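This is what each chain is made of:
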There are 2 protein chains.
Amino acid sequence: MADMKLYDMKRAPNPRRVRIFLAEKGIEVPMVEVDIVSGENRAPEFLATNPRGTLPVLQLDDGTLIDESMAICRYFEARHPDPPLFGRDPLEQAKVEQWQRRIELDGLYNVAGIFRNTAPHLAERAAPGAAPDMKQIPELAERSRALLPGFFRMVESQLADQEYVAGGNYSVADITLFCTIGFARWVDVGIPDDAPNLQRWNAAMMQRPSAKA
Amino acid sequence: MADMKLYDMKRAPNPRRVRIFLAEKGIEVPMVEVDIVSGENRAPEFLATNPRGTLPVLQLDDGTLIDESMAICRYFEARHPDPPLFGRDPLEQAKVEQWQRRIELDGLYNVAGIFRNTAPHLAERAAPGAAPDMKQIPELAERSRALLPGFFRMVESQLADQEYVAGGNYSVADITLFCTIGFARWVDVGIPDDAPNLQRWNAAMMQRPSAKA
(Lines give C-alpha, C1' and ligand atoms only; values in the text may rest on other atoms or scores of the structure.)
Protein backbone atom coordinates (compact mmCIF):
# COMPACT_ATOMS: atom_id res chain seq x y z
CA MET A 1 0.00 0.00 0.00
CA ALA A 2 2.76 2.39 -1.02
CA ASP A 3 0.74 5.51 -1.59
CA MET A 4 -2.58 4.66 -0.03
CA LYS A 5 -3.59 7.25 2.57
CA LEU A 6 -6.63 8.47 4.38
CA TYR A 7 -7.30 12.19 4.75
CA ASP A 8 -8.57 12.31 8.27
CA MET A 9 -9.46 14.57 11.17
CA LYS A 10 -9.03 12.96 14.56
CA ARG A 11 -11.85 14.82 16.30
CA ALA A 12 -14.49 14.70 13.56
CA PRO A 13 -17.29 12.11 13.70
CA ASN A 14 -17.31 10.89 10.09
CA PRO A 15 -13.58 10.17 9.81
CA ARG A 16 -13.91 8.35 13.13
CA ARG A 17 -16.43 5.97 11.58
CA VAL A 18 -13.81 4.94 9.03
CA ARG A 19 -10.98 4.65 11.57
CA ILE A 20 -13.06 2.35 13.79
CA PHE A 21 -14.09 0.31 10.75
CA LEU A 22 -10.43 -0.14 9.76
CA ALA A 23 -9.46 -1.06 13.32
CA GLU A 24 -12.20 -3.73 13.42
CA LYS A 25 -10.87 -5.12 10.13
CA GLY A 26 -7.27 -4.99 11.31
CA ILE A 27 -6.26 -2.77 8.39
CA GLU A 28 -3.64 -0.05 8.78
CA VAL A 29 -3.68 2.93 6.46
CA PRO A 30 -1.41 6.00 6.77
CA MET A 31 -3.41 9.05 7.86
CA VAL A 32 -3.04 12.68 6.83
CA GLU A 33 -4.60 15.12 9.29
CA VAL A 34 -6.70 17.93 7.76
CA ASP A 35 -7.92 20.61 10.18
CA ILE A 36 -11.53 21.60 9.49
CA VAL A 37 -11.62 24.15 12.33
CA SER A 38 -8.88 26.30 10.80
CA GLY A 39 -10.43 25.86 7.33
CA GLU A 40 -7.72 23.61 5.87
CA ASN A 41 -10.47 21.59 4.18
CA ARG A 42 -11.50 24.69 2.20
CA ALA A 43 -7.97 25.58 1.08
CA PRO A 44 -7.03 25.05 -2.60
CA GLU A 45 -4.66 22.17 -1.82
CA PHE A 46 -7.36 20.03 -0.23
CA LEU A 47 -10.06 21.09 -2.70
CA ALA A 48 -7.86 19.63 -5.44
CA THR A 49 -8.23 16.32 -3.59
CA ASN A 50 -11.93 16.70 -2.79
CA PRO A 51 -13.84 19.62 -4.34
CA ARG A 52 -16.64 19.11 -1.81
CA GLY A 53 -14.21 19.84 1.03
CA THR A 54 -15.50 17.00 3.19
CA LEU A 55 -13.61 14.40 5.17
CA PRO A 56 -12.65 11.59 5.12
CA VAL A 57 -11.12 10.90 1.69
CA LEU A 58 -9.24 7.74 0.76
CA GLN A 59 -6.46 7.89 -1.81
CA LEU A 60 -5.60 4.54 -3.41
CA ASP A 61 -2.16 3.47 -4.58
CA ASP A 62 -2.89 4.64 -8.12
CA GLY A 63 -4.14 8.05 -6.97
CA THR A 64 -7.85 7.24 -7.26
CA LEU A 65 -9.83 9.19 -4.67
CA ILE A 66 -12.89 7.95 -2.78
CA ASP A 67 -14.87 10.26 -0.53
CA GLU A 68 -17.90 9.62 1.68
CA SER A 69 -17.31 7.48 4.78
CA MET A 70 -19.56 4.62 3.74
CA ALA A 71 -18.06 4.46 0.25
CA ILE A 72 -14.62 4.09 1.82
CA CYS A 73 -15.87 1.41 4.22
CA ARG A 74 -17.55 -0.52 1.40
CA TYR A 75 -14.30 -0.47 -0.58
CA PHE A 76 -12.50 -2.15 2.31
CA GLU A 77 -15.41 -4.53 2.95
CA ALA A 78 -15.15 -5.76 -0.65
CA ARG A 79 -11.35 -6.02 -0.52
CA HIS A 80 -11.15 -7.53 2.98
CA PRO A 81 -14.47 -9.32 3.63
CA ASP A 82 -13.44 -10.78 6.99
CA PRO A 83 -14.92 -9.97 9.47
CA PRO A 84 -18.06 -8.95 7.57
CA LEU A 85 -19.32 -5.59 8.85
CA PHE A 86 -22.10 -4.97 6.31
CA GLY A 87 -24.02 -8.22 6.94
CA ARG A 88 -23.53 -11.91 6.17
CA ASP A 89 -26.58 -12.78 4.05
CA PRO A 90 -29.25 -10.84 2.11
CA LEU A 91 -31.50 -10.20 5.09
CA GLU A 92 -28.67 -9.21 7.42
CA GLN A 93 -27.23 -6.95 4.73
CA ALA A 94 -30.63 -5.26 4.46
CA LYS A 95 -30.97 -4.91 8.24
CA VAL A 96 -27.49 -3.39 8.56
CA GLU A 97 -28.34 -0.84 5.87
CA GLN A 98 -31.76 -0.17 7.44
CA TRP A 99 -30.27 0.55 10.86
CA GLN A 100 -27.37 2.48 9.40
CA ARG A 101 -29.82 4.77 7.60
CA ARG A 102 -32.17 5.10 10.58
CA ILE A 103 -29.24 6.09 12.81
CA GLU A 104 -27.87 8.54 10.27
CA LEU A 105 -31.18 10.19 9.42
CA ASP A 106 -32.75 10.30 12.88
CA GLY A 107 -29.56 10.56 14.97
CA LEU A 108 -26.33 11.65 13.30
CA TYR A 109 -27.84 14.29 11.02
CA ASN A 110 -29.83 15.81 13.88
CA VAL A 111 -26.73 16.02 16.06
CA ALA A 112 -24.96 17.65 13.11
CA GLY A 113 -27.96 19.97 12.72
CA ILE A 114 -27.50 21.18 16.31
CA PHE A 115 -23.73 21.48 16.07
CA ARG A 116 -23.52 23.23 12.71
CA ASN A 117 -26.23 25.74 13.67
CA THR A 118 -24.85 26.65 17.09
CA ALA A 119 -21.02 26.30 17.10
CA PRO A 120 -19.53 29.81 17.21
CA HIS A 121 -16.79 29.07 14.65
CA LEU A 122 -19.45 27.98 12.12
CA ALA A 123 -21.55 31.16 12.41
CA GLU A 124 -21.08 31.94 8.71
CA ARG A 125 -20.58 28.40 7.39
CA ALA A 126 -23.39 26.28 8.65
CA ALA A 127 -23.38 24.10 5.54
CA PRO A 128 -20.67 21.41 5.48
CA GLY A 129 -17.42 21.17 3.57
CA ALA A 130 -16.80 23.63 0.75
CA ALA A 131 -20.46 24.63 0.39
CA PRO A 132 -21.10 28.38 0.01
CA ASP A 133 -21.15 30.41 3.22
CA MET A 134 -24.49 30.01 4.99
CA LYS A 135 -25.68 31.63 8.19
CA GLN A 136 -26.76 29.44 11.07
CA ILE A 137 -30.48 28.85 11.59
CA PRO A 138 -31.26 28.70 15.33
CA GLU A 139 -34.72 27.19 14.62
CA LEU A 140 -33.05 24.30 12.82
CA ALA A 141 -30.85 23.59 15.83
CA GLU A 142 -33.98 23.60 18.00
CA ARG A 143 -35.86 21.30 15.67
CA SER A 144 -32.91 18.90 15.49
CA ARG A 145 -32.72 18.83 19.29
CA ALA A 146 -36.46 18.15 19.57
CA LEU A 147 -36.14 15.13 17.25
CA LEU A 148 -33.40 13.37 19.26
CA PRO A 149 -35.60 11.87 22.02
CA GLY A 150 -37.46 9.82 19.40
CA PHE A 151 -34.13 8.60 18.05
CA PHE A 152 -32.98 7.47 21.49
CA ARG A 153 -36.30 5.67 22.11
CA MET A 154 -35.92 3.83 18.80
CA VAL A 155 -32.43 2.49 19.47
CA GLU A 156 -33.21 1.77 23.15
CA SER A 157 -36.15 -0.37 22.08
CA GLN A 158 -34.10 -2.22 19.47
CA LEU A 159 -31.29 -2.95 21.94
CA ALA A 160 -33.74 -4.49 24.43
CA ASP A 161 -33.87 -7.61 22.25
CA GLN A 162 -30.60 -7.45 20.34
CA GLU A 163 -26.97 -7.50 21.39
CA TYR A 164 -25.99 -5.24 18.49
CA VAL A 165 -28.09 -2.57 16.87
CA ALA A 166 -28.73 -4.41 13.59
CA GLY A 167 -29.18 -7.82 15.22
CA GLY A 168 -26.94 -10.61 16.49
CA ASN A 169 -23.67 -9.49 14.90
CA TYR A 170 -21.52 -6.41 15.33
CA SER A 171 -21.74 -4.25 12.20
CA VAL A 172 -21.03 -0.85 10.72
CA ALA A 173 -24.40 0.28 12.12
CA ASP A 174 -22.90 -0.09 15.62
CA ILE A 175 -19.98 2.06 14.50
CA THR A 176 -22.32 4.78 13.24
CA LEU A 177 -24.36 4.68 16.46
CA PHE A 178 -21.22 4.82 18.61
CA CYS A 179 -19.86 7.83 16.71
CA THR A 180 -23.27 9.54 16.85
CA ILE A 181 -23.33 9.19 20.64
CA GLY A 182 -19.79 10.55 20.88
CA PHE A 183 -20.69 13.48 18.63
CA ALA A 184 -23.84 14.19 20.66
CA ARG A 185 -21.65 15.02 23.66
CA TRP A 186 -20.32 18.02 21.69
CA VAL A 187 -23.81 19.51 21.90
CA ASP A 188 -24.40 18.44 25.52
CA VAL A 189 -26.68 15.54 24.66
CA GLY A 190 -25.97 12.33 26.58
CA ILE A 191 -27.59 8.91 26.58
CA PRO A 192 -30.91 9.35 28.43
CA ASP A 193 -31.13 7.96 31.96
CA ASP A 194 -34.13 5.85 30.94
CA ALA A 195 -32.16 4.02 28.25
CA PRO A 196 -30.43 1.18 30.16
CA ASN A 197 -30.01 -1.03 27.09
CA LEU A 198 -28.27 1.74 25.19
CA GLN A 199 -26.07 2.41 28.25
CA ARG A 200 -25.15 -1.29 28.39
CA TRP A 201 -24.44 -1.41 24.67
CA ASN A 202 -22.33 1.78 24.82
CA ALA A 203 -20.25 0.41 27.69
CA ALA A 204 -19.58 -2.73 25.62
CA MET A 205 -18.55 -0.61 22.63
CA MET A 206 -16.14 1.38 24.82
CA GLN A 207 -14.41 -1.90 25.74
CA ARG A 208 -13.59 -2.74 22.14
CA PRO A 209 -10.00 -1.83 21.16
CA SER A 210 -11.43 -0.03 18.11
CA ALA A 211 -13.00 2.60 20.40
CA LYS A 212 -9.58 4.26 20.64
CA ALA A 213 -9.12 4.48 16.85
CA MET B 1 -43.54 -14.72 -3.17
CA ALA B 2 -46.90 -15.42 -1.56
CA ASP B 3 -47.02 -12.63 0.97
CA MET B 4 -44.22 -10.37 -0.12
CA LYS B 5 -45.44 -6.83 -0.68
CA LEU B 6 -44.10 -3.32 -0.94
CA TYR B 7 -45.80 -0.46 0.90
CA ASP B 8 -45.55 2.24 -1.70
CA MET B 9 -46.73 5.68 -2.68
CA LYS B 10 -46.79 6.28 -6.41
CA ARG B 11 -45.98 10.00 -6.31
CA ALA B 12 -43.30 9.99 -3.62
CA PRO B 13 -39.59 10.10 -4.57
CA ASN B 14 -38.17 7.44 -2.25
CA PRO B 15 -40.65 4.67 -3.14
CA ARG B 16 -39.98 5.53 -6.76
CA ARG B 17 -36.29 4.72 -6.30
CA VAL B 18 -37.26 1.19 -5.25
CA ARG B 19 -39.83 0.74 -8.05
CA ILE B 20 -37.28 1.73 -10.69
CA PHE B 21 -34.69 -0.56 -9.09
CA LEU B 22 -37.12 -3.49 -9.22
CA ALA B 23 -38.04 -2.71 -12.83
CA GLU B 24 -34.35 -2.69 -13.82
CA LYS B 25 -33.94 -6.09 -12.11
CA GLY B 26 -37.09 -7.47 -13.72
CA ILE B 27 -38.61 -8.27 -10.33
CA GLU B 28 -42.35 -7.92 -9.70
CA VAL B 29 -43.60 -7.32 -6.17
CA PRO B 30 -47.24 -6.60 -5.21
CA MET B 31 -47.66 -2.99 -4.10
CA VAL B 32 -49.86 -1.55 -1.37
CA GLU B 33 -50.52 2.18 -1.79
CA VAL B 34 -50.21 4.32 1.37
CA ASP B 35 -51.27 7.96 1.06
CA ILE B 36 -48.88 10.29 2.87
CA VAL B 37 -50.84 13.42 1.92
CA SER B 38 -53.96 12.33 3.80
CA GLY B 39 -51.80 11.10 6.71
CA GLU B 40 -52.35 7.37 6.18
CA ASN B 41 -48.66 6.83 7.02
CA ARG B 42 -49.28 8.29 10.50
CA ALA B 43 -52.36 6.16 11.23
CA PRO B 44 -52.08 3.33 13.77
CA GLU B 45 -52.42 0.60 11.15
CA PHE B 46 -49.35 1.70 9.20
CA LEU B 47 -47.36 2.62 12.32
CA ALA B 48 -47.72 -1.03 13.37
CA THR B 49 -45.87 -1.85 10.15
CA ASN B 50 -43.31 0.95 10.41
CA PRO B 51 -43.20 3.02 13.62
CA ARG B 52 -41.18 5.70 11.79
CA GLY B 53 -44.09 6.25 9.39
CA THR B 54 -41.83 6.43 6.35
CA LEU B 55 -42.19 4.80 2.95
CA PRO B 56 -41.32 2.48 1.29
CA VAL B 57 -41.45 -0.66 3.46
CA LEU B 58 -40.91 -4.19 2.16
CA GLN B 59 -42.70 -7.11 3.81
CA LEU B 60 -41.11 -10.49 3.17
CA ASP B 61 -42.98 -13.79 2.90
CA ASP B 62 -42.40 -14.54 6.59
CA GLY B 63 -43.61 -11.12 7.68
CA THR B 64 -40.15 -9.60 8.22
CA LEU B 65 -40.24 -5.86 7.52
CA ILE B 66 -37.47 -3.83 5.90
CA ASP B 67 -37.69 -0.05 5.67
CA GLU B 68 -35.34 2.52 4.10
CA SER B 69 -35.16 2.51 0.29
CA MET B 70 -31.52 1.52 0.04
CA ALA B 71 -31.94 -1.31 2.54
CA ILE B 72 -34.74 -2.72 0.37
CA CYS B 73 -32.66 -2.34 -2.78
CA ARG B 74 -29.67 -4.04 -1.18
CA TYR B 75 -31.87 -6.97 -0.16
CA PHE B 76 -32.88 -7.50 -3.78
CA GLU B 77 -29.31 -6.92 -5.01
CA ALA B 78 -28.10 -9.76 -2.77
CA ARG B 79 -30.97 -12.06 -3.74
CA HIS B 80 -30.93 -11.21 -7.47
CA PRO B 81 -27.40 -10.04 -8.34
CA ASP B 82 -28.01 -9.71 -12.07
CA PRO B 83 -27.79 -7.03 -13.40
CA PRO B 84 -25.54 -5.59 -10.67
CA LEU B 85 -26.75 -2.13 -9.68
CA PHE B 86 -24.42 -1.48 -6.72
CA GLY B 87 -21.14 -2.00 -8.61
CA ARG B 88 -19.23 -4.95 -10.03
CA ASP B 89 -15.90 -4.86 -8.16
CA PRO B 90 -14.55 -3.15 -5.02
CA LEU B 91 -13.71 0.14 -6.70
CA GLU B 92 -16.99 0.35 -8.62
CA GLN B 93 -18.91 -0.55 -5.47
CA ALA B 94 -17.16 2.31 -3.69
CA LYS B 95 -17.83 4.75 -6.54
CA VAL B 96 -21.53 3.83 -6.67
CA GLU B 97 -21.82 4.44 -2.94
CA GLN B 98 -19.82 7.68 -3.21
CA TRP B 99 -22.08 9.09 -5.90
CA GLN B 100 -25.19 7.78 -4.25
CA ARG B 101 -24.25 9.66 -1.06
CA ARG B 102 -23.18 12.81 -2.87
CA ILE B 103 -26.49 12.90 -4.74
CA GLU B 104 -28.52 12.25 -1.61
CA LEU B 105 -26.69 14.73 0.61
CA ASP B 106 -26.19 17.56 -1.87
CA GLY B 107 -29.26 16.98 -4.06
CA LEU B 108 -32.12 14.87 -2.75
CA TYR B 109 -32.02 16.15 0.84
CA ASN B 110 -31.88 19.77 -0.31
CA VAL B 111 -34.89 19.26 -2.59
CA ALA B 112 -36.66 17.65 0.37
CA GLY B 113 -35.57 20.60 2.50
CA ILE B 114 -37.33 22.99 0.14
CA PHE B 115 -40.44 20.85 -0.25
CA ARG B 116 -40.97 20.01 3.42
CA ASN B 117 -40.47 23.62 4.50
CA THR B 118 -42.76 25.20 1.91
CA ALA B 119 -45.58 22.77 0.96
CA PRO B 120 -48.84 24.11 2.47
CA HIS B 121 -50.06 20.69 3.63
CA LEU B 122 -46.84 20.21 5.65
CA ALA B 123 -47.09 23.53 7.52
CA GLU B 124 -47.19 21.77 10.89
CA ARG B 125 -45.28 18.62 10.00
CA ALA B 126 -42.06 19.64 8.36
CA ALA B 127 -40.21 16.60 9.73
CA PRO B 128 -40.77 13.35 7.81
CA GLY B 129 -42.83 10.29 8.64
CA ALA B 130 -44.20 9.95 12.15
CA ALA B 131 -41.82 12.48 13.69
CA PRO B 132 -43.40 14.94 16.14
CA ASP B 133 -45.16 17.94 14.60
CA MET B 134 -42.66 20.59 13.57
CA LYS B 135 -43.28 23.98 12.05
CA GLN B 136 -41.71 24.81 8.72
CA ILE B 137 -38.53 26.90 8.70
CA PRO B 138 -38.54 29.27 5.71
CA GLU B 139 -34.81 29.99 6.12
CA LEU B 140 -34.09 26.27 5.74
CA ALA B 141 -36.00 26.16 2.46
CA GLU B 142 -33.96 29.16 1.28
CA ARG B 143 -30.66 27.60 2.33
CA SER B 144 -31.57 24.32 0.62
CA ARG B 145 -32.41 26.19 -2.57
CA ALA B 146 -29.12 28.11 -2.44
CA LEU B 147 -27.17 24.84 -2.21
CA LEU B 148 -28.69 23.24 -5.33
CA PRO B 149 -26.61 25.09 -7.99
CA GLY B 150 -23.45 23.51 -6.58
CA PHE B 151 -25.09 20.11 -6.76
CA PHE B 152 -26.01 20.59 -10.42
CA ARG B 153 -22.47 21.75 -11.24
CA MET B 154 -21.05 18.63 -9.59
CA VAL B 155 -23.17 16.14 -11.54
CA GLU B 156 -22.84 18.13 -14.79
CA SER B 157 -19.07 17.97 -14.48
CA GLN B 158 -19.10 14.23 -13.73
CA LEU B 159 -21.37 13.47 -16.69
CA ALA B 160 -19.03 15.29 -19.09
CA ASP B 161 -16.69 12.29 -18.96
CA GLN B 162 -18.99 9.46 -17.94
CA GLU B 163 -22.03 7.87 -19.52
CA TYR B 164 -23.55 7.14 -16.12
CA VAL B 165 -23.13 9.13 -12.94
CA ALA B 166 -20.93 6.62 -11.11
CA GLY B 167 -18.90 5.65 -14.21
CA GLY B 168 -19.30 3.34 -17.18
CA ASN B 169 -22.21 1.26 -15.90
CA TYR B 170 -25.80 2.13 -15.01
CA SER B 171 -26.28 1.90 -11.24
CA VAL B 172 -28.53 2.77 -8.34
CA ALA B 173 -26.79 6.16 -8.24
CA ASP B 174 -28.44 6.94 -11.59
CA ILE B 175 -31.78 5.96 -10.08
CA THR B 176 -31.27 8.31 -7.15
CA LEU B 177 -30.22 11.15 -9.44
CA PHE B 178 -33.20 10.57 -11.75
CA CYS B 179 -35.66 10.60 -8.83
CA THR B 180 -33.98 13.70 -7.39
CA ILE B 181 -34.47 15.56 -10.67
CA GLY B 182 -38.11 14.45 -10.82
CA PHE B 183 -38.66 15.56 -7.23
CA ALA B 184 -36.98 18.93 -7.91
CA ARG B 185 -39.78 19.76 -10.35
CA TRP B 186 -42.18 19.77 -7.38
CA VAL B 187 -40.35 22.83 -6.07
CA ASP B 188 -39.94 24.45 -9.50
CA VAL B 189 -36.30 23.54 -9.93
CA GLY B 190 -35.37 22.19 -13.37
CA ILE B 191 -32.09 21.06 -14.87
CA PRO B 192 -30.08 24.26 -15.50
CA ASP B 193 -29.78 25.42 -19.11
CA ASP B 194 -26.00 25.34 -18.83
CA ALA B 195 -25.96 21.61 -17.98
CA PRO B 196 -26.04 19.90 -21.40
CA ASN B 197 -24.49 16.67 -20.14
CA LEU B 198 -27.11 16.32 -17.46
CA GLN B 199 -29.83 17.09 -20.03
CA ARG B 200 -28.44 14.37 -22.33
CA TRP B 201 -28.20 11.89 -19.45
CA ASN B 202 -31.74 12.68 -18.27
CA ALA B 203 -33.16 12.17 -21.77
CA ALA B 204 -31.46 8.75 -21.89
CA MET B 205 -32.93 7.85 -18.48
CA MET B 206 -36.41 8.83 -19.69
CA GLN B 207 -36.04 6.33 -22.53
CA ARG B 208 -35.51 3.38 -20.20
CA PRO B 209 -38.67 1.33 -19.59
CA SER B 210 -38.02 1.63 -15.83
CA ALA B 211 -38.75 5.38 -16.02
CA LYS B 212 -42.45 4.54 -15.97
CA ALA B 213 -42.22 2.38 -12.83
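This one's a predicted model, so the numbers in the text were calculated from it and none came from an experiment.

Draft legend 1. Main features of the interface of chain A and chain B. Each side of the interface is counted separately: chain A has 30 residues, and chain B has 30 residues. For the side of chain A that touches chain B, the secondary structure elements donating two or more residues are β4 (65–67), α3 (69–79), α4 (90–116) and α5 (138–161) of chain A. Taken together, the residues of the side of chain A that touches chain B break down into 17 nonpolar, 4 polar and 9 charged.

Draft legend 2. Focus on the pairing of strand β1 (residues 5–8) of chain B. Residue and element names in this part refer to chain B. Here β1 runs beside strand β3 (residues 57–59); their pairing, made up of 3 bridges, is antiparallel. When the sheet's bridge partners are listed, Y7 is paired in β3 with V57. Across 3 bridges, β1 lies against strand β2 (residues 31–33) in parallel orientation. Within β2, the residue paired with L6 across the bridge is M31. Taking the sense of rotation as the criterion, the β-α-β connection linking β1, helix α1 (residues 13–25) and β2 turns out right-handed.

Draft legend 3. Region of interest: the packing of helix α1 (residues 13–25) of chain A against helix α6 (residues 172–184) of chain A. Residues and elements named next belong to chain A. Running from N to C, α1 and α6 point in directions that differ by 140°, and their axes come no closer than 9 Å. Considering the angle they form, α1 stands oblique to α6. Of the two elements, α1 crosses α6, and the hand of that crossing is right-handed. In contact with P13, R16, R17, I20 and F21 of α1, α6 contributes V172, I175, T176, C179, G182 and F183. The residue makeup of the contact of α1 with α6, split by class, is 7 nonpolar, 2 polar and 2 charged.

Draft legend 4. Geometry of the sheet that holds strand β1 (residues 5–8) of chain A. Residues and elements named next belong to chain A. Taken in spatial order, the 4 strands line up as β2-β1-β3-β4 in an open sheet, and their pairing is mixed. The open sheet has two free edges, formed respectively by β2 (31–33) and β4, since each of these has just one partner strand. The mean angle between the axes of side-by-side strands here comes to 20°, regardless of whether they run parallel or antiparallel. Alignment of strand β3 (residues 57–59) against β4, held across 3 bridges, turns out to be antiparallel. Paired with L58 across the bridge in β4 is I66.

Draft legend 5. Representation of the domain arrangement of chain A within the structure. All names here are of chain A. Assigned domains of chain A: these are domain 1 (5–79) and domain 2 (90–212). On a C-alpha basis, the centroid separation for the pair domain 1 and domain 2 is 20 Å. Each side of the interface is counted separately: domain 1 has 16 residues, and domain 2 has 12 residues. Ranked by residues supplied to the side of domain 1 that touches domain 2, first place goes to α1 with 7 residues. Broken down by class, the residue content of the side of domain 1 that touches domain 2 amounts to 8 nonpolar, 3 polar and 5 charged.

Draft legend 6. Representation of the relation of the copies chain A and chain B within the structure. Overlaying chain A with chain B gives an RMSD of 0.0 Å, the required rotation being 180° about an axis along which the chain moves by 0.0 Å. Such values leave the two copies arranged in the relation of a two-fold axis. Scanning chain A for the C-alpha nearest the rotation axis identifies L140(A), at a separation of 3.7 Å. Take the interface residues of chain A: 100% of them recur as interface residues in chain B, which is what a same-surface contact looks like.

Draft legend 7. Quick peek at the sheet that holds β3(B). Residues and elements named next belong to chain B. With respect to topology, 4 strands assemble into an open sheet ordered β2-β1-β3-β4, the strand pairing being mixed. The open sheet has two free edges, formed respectively by β2 and β4 (65–67), since each of these has just one partner strand. Adjacent strand axes in the sheet meet at a mean angle of 20° when their direction is disregarded.

Definitions and limits used
Residues numbered from 1 in each chain as written. Chains lettered and ligands numbered in written order. Predicted model: local features only at pLDDT ≥ 70, side-chain atom pairs only at ≥ 80, totals over all residues. Contact = placed C-beta atoms within 7 Å. Helix = DSSP H or I, 4+ residues; strand = E, 2+ residues; numbered from the N terminus. Nonpolar A, V, L, I, M, F, W, Y, C, P; charged D, E, K, R; others polar. Pairing = 2+ DSSP bridges. Right-handed = clockwise from strand over helix to strand, strands pointing away. Axes fitted to C-alpha atoms, helices over the stretch in contact; angles between N-to-C directions. Parallel < 35°, antiparallel > 145°, perpendicular 65-115°, else oblique. Left-handed = near helix turned anticlockwise from the far one by under 90°. Domains from an automatic or database assignment. Least-squares fit on C-alpha atoms with pLDDT ≥ 70 in both.

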